[in-house]
2 protein chains.
Amino acid sequence: MSVWNGPKRLLFGTPLDSARLGETLLPKRLALPIFCSDPLSSVAYATEEILLILALGGVALLHLAWYAAAAIVLLLVVVIASYRQTCHAYPGGGGAYVVSAENLGPTAALTAASALLVDYVLTVAVSVVSGVAAITSAVPALDRYQVLLSVVFVTVLTLLNLRGVRESGRLFAIPTYGFIAAIYLMFGYAAVRLAWGATIRAESATLPIHATGSFTGLALVLLAMRAFASGCTALTGVEAISNGVPAFQEPKARNAATTLAVMGLFSVTMFVGITVLAMAYRVHVAADPTELGLAPGTAMPTALAQIARATFGDANLLFYLVQTFTAGVLILAANTAFNGFPMLASILARDRYAPRQLHNRGDRLVYSNGVVLLALAAIGLIVAFDAQLTRIIQLYIIGVFVSFTLSQAGMVRHWRTALATESEPAPRRRMRRSQAINAVGATLTALVLVIVLITKFTHGAWLVIIAMPLLFAGMKGVRRHYDQVAKIVAVPDGARPHVPPRNHVLVLVSSVHAPTLKALGVAQALHPTSVTAMSVAADAADAEALRTQWDQHVPDVALEILHSPYREVVGPVLARIRQETAADPTAMVSVVIPEYVVDHWWEQPLHNQNALRLKARLLFAPEVTVIDVPFRLAAPAPPQADVPVP
Amino acid sequence: MSVWNGPKRLLFGTPLDSARLGETLLPKRLALPIFCSDPLSSVAYATEEILLILALGGVALLHLAWYAAAAIVLLLVVVIASYRQTCHAYPGGGGAYVVSAENLGPTAALTAASALLVDYVLTVAVSVVSGVAAITSAVPALDRYQVLLSVVFVTVLTLLNLRGVRESGRLFAIPTYGFIAAIYLMFGYAAVRLAWGATIRAESATLPIHATGSFTGLALVLLAMRAFASGCTALTGVEAISNGVPAFQEPKARNAATTLAVMGLFSVTMFVGITVLAMAYRVHVAADPTELGLAPGTAMPTALAQIARATFGDANLLFYLVQTFTAGVLILAANTAFNGFPMLASILARDRYAPRQLHNRGDRLVYSNGVVLLALAAIGLIVAFDAQLTRIIQLYIIGVFVSFTLSQAGMVRHWRTALATESEPAPRRRMRRSQAINAVGATLTALVLVIVLITKFTHGAWLVIIAMPLLFAGMKGVRRHYDQVAKIVAVPDGARPHVPPRNHVLVLVSSVHAPTLKALGVAQALHPTSVTAMSVAADAADAEALRTQWDQHVPDVALEILHSPYREVVGPVLARIRQETAADPTAMVSVVIPEYVVDHWWEQPLHNQNALRLKARLLFAPEVTVIDVPFRLAAPAPPQADVPVP
């Protein structure tokens, strides 16, 4: 019964048996909100991002949004089709890292992994901050608490994820499906009104847009490309399902591919619908209020908020419904990362590119360490940037398209390898078809990556460009360390355990009481060559009292009292131990340390501090074996001591 | 060689031998700045506090400051004389707690201890914040960094104190003696100018003071008493020397008493001088700028700053000199607490009212734990109150006078006990004289305590009134816990160690490498009844590979492979251990856990996580002994394995 059980169970639930992992597998209807909240929610702002860029050229250029949107829809369809192939080919999951590792080599794999890791952290940070921004747009009084609210939401998401995937799934389903339903409701409402001949305009339709320059020729093309690149934010998170295939119920690959297709359907229809309404309502957005002729610092509602308000008119409840579900699904978009990151970290750990403990599941059969690591990184980012992440929202497109490109390129080679060994015509046809899809996808995303790099470089891509190589170097360093360790600990053929010929046991005692007697009993049960008790005393009076008691209870064990006038324990004890090892270098020296075990966490600081410090220092005396004898402080005392029968 | 040695040595210096503690004892000239910076610095604002209260009644009442000042000087002299007796009677140190414990019983002692602990924390917080306020008054641009600066200063003080008292003493001497010198310089300068007939006025002399009410009769008396109580801030910290007598060089008691007298001389002269100048220059201060007819939010310089500026006129350098040393000595006033708190905590721990590790000295022969605890509490207070502590500056007078009263009352009883056994006339005369001084002191401070309680109660004394009982209850709780533990661990007469008849050893292995072989060697050196190795494998392939290697190197030791499909380690291992204890309840079960020891701190997270988690859980299986076998990860590998000579 751990002292932590009370609060831990309250927060996380009871530890699950490994055998119950089967129960935590997901049906499609729960997998959609868990893995797809990121791509589904990004349609909430993708259209706006396109319009924001085009607005630099004034109202006249807004019509280019149609072309950008069309290109994005095409890209979305291709990428989703491509990832469906990955789901089938890699039912063990892994996404860009696994595919690159298997097909393109370790450098490409680590590049993909670095990109993905940065992406996941940015996803959490940006999604939560966007969701909080949606809230503070509705409730401006909360504006000064943006950082605090963001951190709170990240913490809540962390706790939910630590409780376990399946239970989180049920909670996450509500905002995701609610968002989809609300958006479709909005489409339906708008369709009915427009069919009845209403002319609906957004509140910003009448605002002019001051162009920041005139764009013709090459500049126009570049602007259009920038707008397209910005809109590609709609694709972020598509990869998550292929990463999480193992979490689906059987048949895993097919269910994952189907869910991906369903997500694609929702994403495309919502994106197209929002874009159509934005153009029809003549939504005008700009990065700065002054570009719309407004006073500096005026709050500008999001494009989606304007569409919702214009559609529902005076039906304010429905407007708040849309905003609420939008905020909810934005915050949950972060959850896509909470599934992807720990799983990726686990795989990296398996390949020894990351600390080993990221590879194991915790009490709730969740990769707890990975979840916590992600949360800490995201919180650090949010606090460091003071929750002003709206410009960095664009940066994680770079990493996204790096991993898209590497993943699909890897798939192309995967099919090539498979074709080399497959001779049946029907499978060959299927493989060629898949390969073609992946090839088209890889080419397109590579193109977009170039566009994104060109257009975003001057707009602060530095964060990603610094972080990715750092992670890359870090992971290579971890691998190098583990490889070195493997060399050090390798045993030559025929090696056998070395059994030390003698064992000198030193027992650390403070006074004569039950824990001491227990420790002495344990020491003697080890059949040692010699047993010596050692104690620290500050003055002669203390020493005298101890010795008197000692002779009464344990006359047959030698007691050495180390003189330490200022009650310093660790130094004299270490010196005595060193004496022992020096006196008999080929023997083993064991130090028996009694340790109190308390029932309540608040009692912890009251005991064992010397023991802890001593143990920490003894770790660096590798010829010394440390033996912990726990003594449970609970009444009544168990029979540790023998009292002779009178 | 601990991985922490690098940074630790850089910050704190090399660990000191207990034997060198004698070198860290203080001569009087260094003890003054260390123990007396608090009382010496409080004269910087005591006069201002008196004037602030009297200003409530308008300019007409300012003359009452003379009477308040006179009363305070009288009190100061009496209290200092009283504490000189304490220095002689208690050369082991301890102040109010020790004196109360010995003479008035545990309840009075804990009350005094609670008051002192709260005081020390408030001293650090208030002093540092006042010092920072002095700085930001000179450099207004730093105003928004008040909290950060305060925390930085607390941290710097903490590090200096962790380095060791004597070295800190040299650093602290400069601001303290500089402050005294600057103030006397200011007195001399003023005296010369006034002697030459100059009329010097403070910059606020022309400002009116809007009285907040008319004070006559009882109201006038109460106001005067409030002013006096506020001015009693000049006495804070007088107790510190009596607490720190053991830190003086021999003869400890006499040196401490002398230093106290010298401090009294400086304090009284500086306080009187500043008060005289404040009245002569007609310094007007008020809590709010509007009371002086100024615009709200106008910065109001401190009374001392006004005096310095008026004195030095255009000689600005000397003005900044005074301000700098004032700020410095205010911040160092916090240091009085850094000496008093850990020493008091050590004594409380010795009496089992506080966690035991506060009783021991750390590497630099400083009570490191106490220093860190104080720093954390002060930082918490500063951050929680957003560095706006100027009103709470008055609160710690309550605790100060509680401890003054209890201490001197205890001394009165101490002398009564001594007189009962002393028959020689000369010593009896001295004792009666001391007793009389202490009695007068106790009466006066009790009176002041009543005044302070009455006048301060409505002004936010709640912090102290909540904190003290909490600490009181906490300390009683700690004592109760330790008493309970003592009962649990007590051994009856004739008890002997219980030696378990059999020892079953389980060795945790992950694969066959050097640490495993070393652990197996250690296990066999314990001459156990049985040795079994246990390992966790996720699937049959892993298990097969392990077994093959095992049979090659360690065929004579049984290997059990625990099946854990999701790589969870702790659960299956615990289950196996419980199996062993259930199978043979009277035997001992030992679990041998190999542990990697790395050379660099950044490598720590890469290893041992399972071992740590397992060890933590095993603490709660008290019948299990945990055996740590460290393996040092440094090339070349030491001979842990025997390779048979071909």
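Here is what the cut-offs are and how they apply
- Residues numbered from 1 in each chain as written.
- Chains lettered and ligands numbered in written order.
- Predicted model: local features only at pLDDT ≥ 70, side-chain atom pairs only at ≥ 80, totals over all residues.
- Heavy atoms only, no water.
- UniProt positions renumbered as here; feature names shortened; annotations may be inferred.
- Phe/Tyr/Trp six-rings, centres within 6.5 Å; stacked < 30°, edge-to-face > 60°.
- Helix = DSSP H or I, 4+ residues; strand = E, 2+ residues; numbered from the N terminus.
- Buried < 20%, exposed > 50% of the residue type's maximum accessible area, 1.4 Å probe, protein only.
- Lys NZ or Arg CZ within 6 Å of the ring centre and 35° of its normal.
- Patch = residues over 30% accessible without salt bridge, like charges linked within 9 Å, V, L, I, M, F, W, Y side chains within 5 Å.
- Areas by Shrake-Rupley, 256 points an atom, 1.4 Å probe, with all protein chains shown as cover.
- Salt bridge = Lys/Arg side-chain N within 4 Å of Asp/Glu carboxyl O.
- Least-squares fit on C-alpha atoms with pLDDT ≥ 70 in both.
- Contact = heavy atoms within 4.5 Å.

Per an unreviewed UniProt entry, chain A goes by the name APC family permease and belongs to Streptacidiphilus cavernicola. Under Subcellular location (unreviewed entry), UniProt gives the following word-for-word description of chain A: "Membrane".

> Please clarify how the packing of aromatic side chains should be interpreted in this entry.
The geometry of an aromatic ring pair is captured by the separation of the ring centres together with the interplanar angle, meaning the angle of the planes. Scanning all chains against the criterion turns up 16 aromatic pairs over all chains. Ring plane angle 75° and centroid distance 6.4 Å describe the contact between Y120(B) and F341(B), whose orientation is recorded as edge-to-face. Placement of the pair is Y120(B) in helix α5 (residues 106–138) and F341(B) in helix α12 (residues 316–350), with a sequence separation of 221 residues. For Y120(B), a relative accessible area of 7% translates into the label buried. Seen in terms of ring centroids, F401(B) and F404(B) are 5.3 Å apart; in terms of plane orientation they differ by 75°. Their pairing is edge-to-face. Of this pair, F401(B) and F404(B) both sit in helix α14 (residues 396–421), separated by three residues, roughly a single helical turn. F404(B) matches F401(B) in its accessibility class, with the two residues each being buried. The structure contains a cluster of three or more aromatic residues connected by ring pairs, namely Y83(A), F401(A) and F404(A). Just above the ring of F319(A) sits the side chain of R309(A); from NZ or CZ to the centre is 4.3 Å.

> How should a nonpolar patch on the surface be read in this particular structure?
Residues and elements named next belong to chain A. Judged by side-chain polarity, L218, V221, L222, V450 and I454 come together as a nonpolar surface patch covering roughly 450 Å² of accessible area. With three residues, helix α8 (residues 218–231) is the single largest residue contributor to the nonpolar patch. Within the element layout of this structure, I454 appears in helix α15 (residues 425–456).

> Is there a simple way to explain the pattern of salt bridges in this structure?
Once their charged atoms are close, side chains differing in charge can pair, the charge on each being opposite to the other. Residues and elements named next belong to chain A. Under the criterion given, the structure shown has 18 salt bridges over all chains. Here D483 and R352 are joined by a salt bridge, their closest N and O atoms 3.2 Å apart. Of this pair, D483 sits in helix α16 (residues 462–489) while R352 is found in the loop between α12 (316–350) and α13 (368–384), placing the two residues 131 residues apart along the sequence. For D483, a relative accessible area of 30% gives the class partly exposed. Between D483 and R479 there is a salt bridge; the shortest N-O distance is 3.4 Å. Remark: R479 and D483 occur in helix α16; sequence separation between them is four residues, near one turn of the helix. Overlapping salt bridges, with partners in common, bring together R352, R479 and D483 in one network.

> Got a minute to help me understand the relation of the copies chain B and chain A in this structure?
Both copies of the chain are placed relative to one another by a rotation about an axis and a shift along it. Expressed as a screw transformation, the operator carrying chain B onto chain A has a rotation angle of 179° and an axial translation of 0.0 Å, and the superposed copies differ by an RMSD of 0.1 Å. This pairing of chains is accounted for by a two-fold axis. Counting the interface residues of chain B, we find that 100% of their copies in chain A are interface residues as well, pointing to one common contact surface.

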